[in-house]
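Single-letter residue listing:
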Amino acid sequence: MTTLKGAIRSYGATVRRIEREQQRQAREAAKQFKEQQKLQEIEDAQQAVFNWSNYVETIQSLHKKCTTPIDWDQIRNSTEPIPPVLKSTHETRAKNRLLSFKPSFIDRIFGLKQKKINQLKHFLEKAIQKDTKHNKIKYDKYLQELNNWKELQAISIGIEKKQIASYKNALSYFEPFSDIGELGTQINCIFETDRIDINLHINSLDIIPTYELKQTSTGKLSKKNMAKSKFNELYQDHICSCILRIAREIFSYLPVEHVRINAMTELVNGRTGHLEKQPIVSVIIPKKTIETLNMDTLDPSDSMQNFVHAMKFSKIKGFNSVTKIKLTT
């Protein structure tokens, strides 16, 4: 028979054993939580570095993307869209059900004949509405395709004749610079028969990150200020990448022989002390020359050496204003 003291000792030992087990489980849970937290921090750091690297790569490789050249001859020789065949499938099916309806013995006994006929007529009306809706969608789509075809026909004929108005209409129709944010704040074009003069109002310095992200050997995130020289070189590559991209897009749409692109930004005029829009890069890019370059491997800034250009750049001070390259006739 267990005594009271024995029961108390047994109970106390059980409680202490449970408490020790709970403490062990708590320590184990805390350890696992810390390990999971550490792994999450390493993954977050890895993702942050990847995003940073991807962004830096993107802003200096815009020239690698470009629209597939437009085949204006193919557009001009394309056939006019054919009007759609308007169908009455649902109406025909509902009408056949109405015409073939024969009241059953039950219908005649309970006077359901007219009710069912009215119901079938209602279904017929709905079927006509459904066909009308479907036919309208098809015909509206056809009209849109026809209008697009007519518009492109007019543009392609003008392109063949090298009409400036058609050049403008082609760029307005396809909008190759609709996502202007990645190339600059504004693009202005002056058209001539065989060349285009473009003023690119460039993105501000804010597009370049002022810091670098790296992952340490222990997996932690390291953030430090970017060296001024590297910052300026990234901005130079970004501007030159934008210039190449714009030239490639123009040549993809229009049969011009060369473009002059002037990268414009606000700089202090030393004579007046006021901020003025001034060119920091001016370059004449012939179509034949740019087609020989490997866009995937070239350095955007170094590639300017392939063209007649003006660019004053210092790794320490960045860009300075230049005089636009003269367009010769």
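Look up: the structure comes first, before these words.
Below you will find a few notes about this structure. Just so you know, these numbers come straight off a predicted model, no measurement behind them. (Residues numbered from 1 in each chain as written. Predicted model: local features only at pLDDT ≥ 70, side-chain atom pairs only at ≥ 80, totals over all residues. Heavy atoms only, no water.)

## Notes on the pairing of strand β3 (residues 211-215)
- In this structure, β3 lies alongside strand β4 (residues 221-225), joined through 5 bridges in antiparallel fashion. Its bridge partner being in β4, E212 is matched across the sheet by K224.
- Between the end of β3 and the start of β4, which pair antiparallel, lie 5 residues, with G219 showing a positive phi angle near 95°. (Pairing = 2+ DSSP bridges. Helix = DSSP H or I, 4+ residues; strand = E, 2+ residues; numbered from the N terminus.)

## Side note on the nonpolar core
- Judged by nonpolar contacts, the single largest core of 53 residues is most densely connected at I243, I246, I250, L254, V259, I261 and I285.
- A total of 13 residues in this core trace back to one element, the largest contributor, which is helix α7 (residues 228-253).
- Residue contacts for I250: discarding those within four places in its chain leaves L171, F177, I196, I198, V256 and V259.
- Of all hydrophobic cores here, the second largest spans 6 residues; its members include A94, L120, L124 and A127. (Core = buried A, V, L, I, M, F, W, Y, C linked by side-chain atoms within 4.5 Å. Buried < 20%, exposed > 50% of the residue type's maximum accessible area, 1.4 Å probe, protein only. Contact = heavy atoms within 4.5 Å.)

## Quick look at the packing of aromatic side chains
- For the structure on display, the rule yields 6 aromatic pairs.
- Taking 4.9 Å as the distance between ring centres and 75° as the angle between the ring planes, the aromatic pair formed by Y173 and F174 counts as edge-to-face.
- For Y173, a relative accessible area of 27% translates into the label partly exposed.
- Arranged with centres 5.2 Å apart and planes meeting at 40°, the rings of F174 and Y253 form a pair that is tilted. Taken together, the residues span a long stretch of sequence, with F174 in helix α6 (residues 164-174) and Y253 in helix α7 at a distance of 79 residues.
- For F174, a relative accessible area of 26% corresponds to the partly exposed category.
- Taken together, the ring pairs connect W72, Y173, F174 and Y253 into an aromatic cluster.
- The aromatic ring of Y211 is capped on one face by K223, whose charged end is 4.4 Å from the ring centroid. (Phe/Tyr/Trp six-rings, centres within 6.5 Å; stacked < 30°, edge-to-face > 60°. Lys NZ or Arg CZ within 6 Å of the ring centre and 35° of its normal.)

## Here's the deal with helix α5 (residues 113-160)
- Taking 1.5 Å per residue, 48 residues should reach 70 Å; α5 reaches 70 Å between its end C-alpha atoms and fits that length.
- Positioned one or two residues after α5, K162 has a phi angle of 55°, which is positive. (Expected span 1.5 Å × (residues − 1).)

## Some points on unusual backbone geometry
- With phi around 55°, K162 is a residue other than glycine that occupies positive phi space.
- With respect to the secondary-structure elements, K162 resides in the loop between α5 and α6.
- Accessibility expressed as a relative area gives 29% for K162, which makes it partly exposed.
- For E175, which is not a glycine, the phi torsion comes out positive at approximately 50°.
- Along the polypeptide, E175 turns up in the loop between α6 and β1 (186-191).
- On the accessibility criterion, E175 (48% relative accessible area) is partly exposed.

## A look at the side chain of E249
- Its place among the elements puts E249 in helix α7.
- Given the relative accessible area of 2%, E249 is considered buried.
- If sequence neighbours within four positions are ignored, E249 has contacts with K65, C66, T67, P176 and F177.

## So, the packing of α5 against α6
- Look at α5 against α6: their axes get within 8 Å of each other, and the N-to-C directions meet at 140°. Crossing angle aside, the handedness with which α5 passes α6 is left-handed. Residues N148, E151, L152, A154, I155, G158 and I159 of α5 pack against S166, Y167, N169, A170, Y173 and F174 of α6.
- Classifying every residue of the contact of α5 with α6 by side-chain character gives 8 nonpolar, 4 polar and 1 charged. (Axes fitted to C-alpha atoms, helices over the stretch in contact; angles between N-to-C directions. Left-handed = near helix turned anticlockwise from the far one by under 90°. Nonpolar A, V, L, I, M, F, W, Y, C, P; charged D, E, K, R; others polar.)

Honestly, that's just the spatial picture; any functional story needs more than this.
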